[in-house]
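# A closer look at the structure
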Amino acid sequence: MFANKYYERDVENAFAMNRFFFRLVGLWPLQPVDSFIPNAVESIVMAITCFAFVVGELTPTALYTAIKITDVRLRLKAAGSVIFAVVGLIKYSYMLFNKSQVRNCLMLIDKDWQNVINSDERILMIDQVRFSKRLIMICVVFVYMTGVFVRMLLPFYTGKIVTPDNVTIRPLPVVAYLVIVDVQRSPFYEIVFFVQFFGGFFKYTLTVAVFSFMTVCAMHFCAQSNVLVTLMNDLVNESRPEYVNKKLAIIVEHQIKTRNFLQLVQYVTQYPSLIEVLGSTVMLCFAVYYITTEWEDHNFLRMFTFIIALAMFTFDLFIYCYMGEQVISQEEKVSLTACTLEWHHLPSAKARALILLIIISEHPLKLRAGNFIDLSLRTFSDVVKMAVTYFNLIRSTVN
């Protein structure tokens, strides 16, 4: 067994981005023993704060959409923020209630870094970590750029509006209605603006946190699958009979460990993935609708904002499906390798031991949204087609 003397540095590198975004929303499950209580208190405080701000933004917006707006077109414009908040809360609640399983996933990754088989495996794992961090950074750029435009630039660009009745209306990031107070009066306007700003911040952070967890786990599985393929090829190239049993045992153990890890990731991400697929279908439809309406109204800054939002939802959904496609590809690679091993190079008794290995490899696992929608590039194309269909339906209905 290769002693990974860079274990602590490798784990720090692998978890750096996940830990940062998870701690912002109180989801980080790996707490050092010497600072368990302070970190636990921090997680509880951040979780309560996140819920308070998101619900504090969602409730007035939902009230305004349901009570104050009567025009269908305006109601559709306000509904996007409500749906995005609901999707974020559902994903966050599920991840929070399954925090122990999230911890188990991260602990398995940590253990794999500690028990790397050789330096080549470490290099494979580092390459996958580097790729996952690039994807997370792209997601961060899209998500927070959307937030900056929606929460800051648009309200300041719009400026104060004076109605024909000589009433001054100060714009908010999203519409809001409080039954007992007027949101346009100070200090209620400032409080609502503050809550909406940080409510948006936490919603965007939740999106990045869940995305980063999915990406890191999927890329780690791909790295372990590549290691498994290497181990299989090395088995038939082993010329010393006394080492065949040892290598075969390592392969079986590694295959079981890798499949168990993917099953755990599937359990943790199945419902967040389902909410992401369903929510993205609706949000893609709404984003395209918003772009067309702003184009007709010649409001190009708002149109550009919704173009960025469209890119964000498209990219997030694509990466979810791409991760699933990568898992399918790796499982097929493992299956093909197991079936095409040059087993005749091994003694007869050892060659027969490959039968169970081949049988297991012939039953590949997949990442599924809700345990019934395969995450794949085909699913991505189907979702985009469905979103375009819904857009055409909404446009024809509203018009």
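Attention in this report is confined to the structure presented alongside it. (Residues numbered from 1 in each chain as written. Predicted model: local features only at pLDDT ≥ 70, side-chain atom pairs only at ≥ 80, totals over all residues. Heavy atoms only, no water.)

### Examining the environment of Phe 15
- Position of Phe 15 relative to the elements: it lies in helix H1 (residues 7-24).
- Taking the relative accessible area as the measure of exposure, Phe 15 reaches 2% and is therefore buried.
- If we skip the residues at most four places from it in the chain, Phe 15 touches Trp 28, Leu 30, Leu 106, Ile 109 and Asp 110. (Helix = DSSP H or I, 4+ residues; strand = E, 2+ residues; numbered from the N terminus. Buried < 20%, exposed > 50% of the residue type's maximum accessible area, 1.4 Å probe, protein only. Contact = heavy atoms within 4.5 Å.)

### Quick notes on the pattern of salt bridges
- The tally for this structure, following the rule as stated, stands at 18 salt bridges.
- Its salt-bridge partner being Glu 42, residue Arg 23 comes within 2.8 Å of it at the nearest N-O pair. Within this pair, whereas Arg 23 is found in helix H1, its partner Glu 42 is found in helix H2 (residues 36-68), the two being separated by 19 residues in sequence.
- The salt bridge partner of Arg 73 is Asp 297, with a shortest N-O separation of 3.4 Å. Of this pair, Arg 73 sits in helix H3 (residues 72-97) while Asp 297 is found in the loop between helix H7 (244-296) and helix H8 (300-339), placing the two residues 224 residues apart along the sequence.
- Salt bridges here are not isolated pairs; linked through shared partners, they connect Arg 73, Lys 77, Glu 294, Glu 296, Asp 297, Arg 302 and Arg 395. (Salt bridge = Lys/Arg side-chain N within 4 Å of Asp/Glu carboxyl O.)

### Comments concerning unusual backbone geometry
- Following Ser 186, the chain continues into Pro 187 via a peptide bond in cis, with omega recorded as 5°.
- Assignment of secondary structure puts Pro 187 in the loop between strand E2 (168-169) and helix H6 (188-236).
- Despite not being glycine, His 298 has its phi angle at roughly 60°, a positive value.
- For His 298, the location among the structural elements is in the loop between H7 and H8.
- According to the relative accessible area criterion, His 298 is exposed, its value standing at 59%.
- Here the phi dihedral of Asn 371 falls at roughly 65°; this positive angle occurs in a residue that is not glycine.
- Topologically, Asn 371 is positioned in the loop between strand E3 (368-369) and strand E4 (373-374).
- When its relative accessible area of 47% is taken as the criterion, Asn 371 is described as partly exposed.

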